[in-house]
Amino acid sequence: MKLYEKHTAYPITLTLNGVQRSAPAEARMLLSDFLRHELGATGTHVGCEHGICGACTVRVDGVAQRSCMQLAVQADGRKVDTVEGLNCGADSELGDLQQAFKRHHALQCGFCTAGILMSSSHFLEQVPDPTEQQVREMLSGHLCRCTGYTNIVNAVLEVAAQRMERSEHA
Ligand code: FES
Ligand code: FES
């Protein structure tokens with residue numbers, strides 16, 4: 001008995017960075033592959049495909065999740081945000097997290113960066129005024145071979161401080 005039709009493509013519609021997008025996906029296609037190959041959102045990187053490295057992290061309905069650990073069909077009807085959505089404004093100006101990473105040299109090869117940015121964006125909404133230890137715990141879900149993490153920690157802490165200051169003066 002066939003448990004699934006190997007080559008059957010299912011229509012998937014999701015909201016990617018605020019824009020409704022549709023494309024077909026076979027039953028076993030990973031969300032990471034769907035984003036990259038069907039929707040062209042190649043900012044999301046794929047490293048281990050085992051849920052270890054964190055490179056593929058996106059936000060699904062606001063929550064940071066590994067896109068290599070779920071199927072595209074599971075994202076049908078959901079809101080998915082990727083690193084491309086962190087830019088602010090129509091002129092694609094970098095968002096505050098991205099600018100801080102640039103200022104602090106928080107990336108070298110950049111392979112891990114999109115995933116770390118997506119986890120950081122979710123984290124700072126949950127923990128707006130984090131300690132260094134809390135930032136390091138959040139980063140423990142990501143592997144970076146280049147930076148030694150310290151510059152990433154500094155960038156995230158700086159953005160937290162900037163946002164706190166802005167909210168106090170709002
Ligand atoms: S590619 Fe998804 S966790 Fe490594
Ligand atoms: S910047 Fe190269 S893996 Fe993190």
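To keep things clear, this report deals only with the structure shown in the data block. (Residues numbered from 1 in each chain as written. Chains lettered and ligands numbered in written order. Predicted model: local features only at pLDDT ≥ 70, side-chain atom pairs only at ≥ 80, totals over all residues. Heavy atoms only, no water.)

## Some words on the pattern of salt bridges
Alright, step 1. As enumerated under the stated definition, the model contains 7 salt bridges in all.
Alright, step 2. D96 is paired through a salt bridge with R166; the nearest N and O atoms lie 3.4 Å apart. Taken together, the positions of D96 in helix α2 (residues 96–103) and R166 in helix α5 (residues 150–168) put the pair 70 residues apart, joining distant regions of the chain.
Alright, step 3. For D96, a relative accessible area of 23% translates into the label partly exposed.
Alright, step 4. Between R136 and E132 there is a salt bridge; the shortest N-O distance is 2.9 Å. With R136 and E132 both in helix α4 (residues 132–139) and 4 residues apart, the pair spans about one turn of that helix.
Alright, step 5. Relative accessible area serves as the criterion here: at 30%, R136 is assigned to the partly exposed category.
Alright, step 6. Salt bridges sharing common partners tie together D96, R163 and R166. (Salt bridge = Lys/Arg side-chain N within 4 Å of Asp/Glu carboxyl O. Helix = DSSP H or I, 4+ residues; strand = E, 2+ residues; numbered from the N terminus. Buried < 20%, exposed > 50% of the residue type's maximum accessible area, 1.4 Å probe, protein only.)

## Observations regarding the packing of helix α3 (residues 113–126) against α5
Alright, step 1. Contact pair α3 / α5: the axes reach a minimum separation of 11 Å and the direction vectors enclose 35°. Here α3 and α5 pass one another in a crossing that is right-handed. Residue-level inspection shows I116, S120 and L124 of α3 in contact with α5, the latter providing I152, V156, V159, A160 and R163. (Axes fitted to C-alpha atoms, helices over the stretch in contact; angles between N-to-C directions. Left-handed = near helix turned anticlockwise from the far one by under 90°. Contact = heavy atoms within 4.5 Å.)

Any link to function would need more than the numbers given here.
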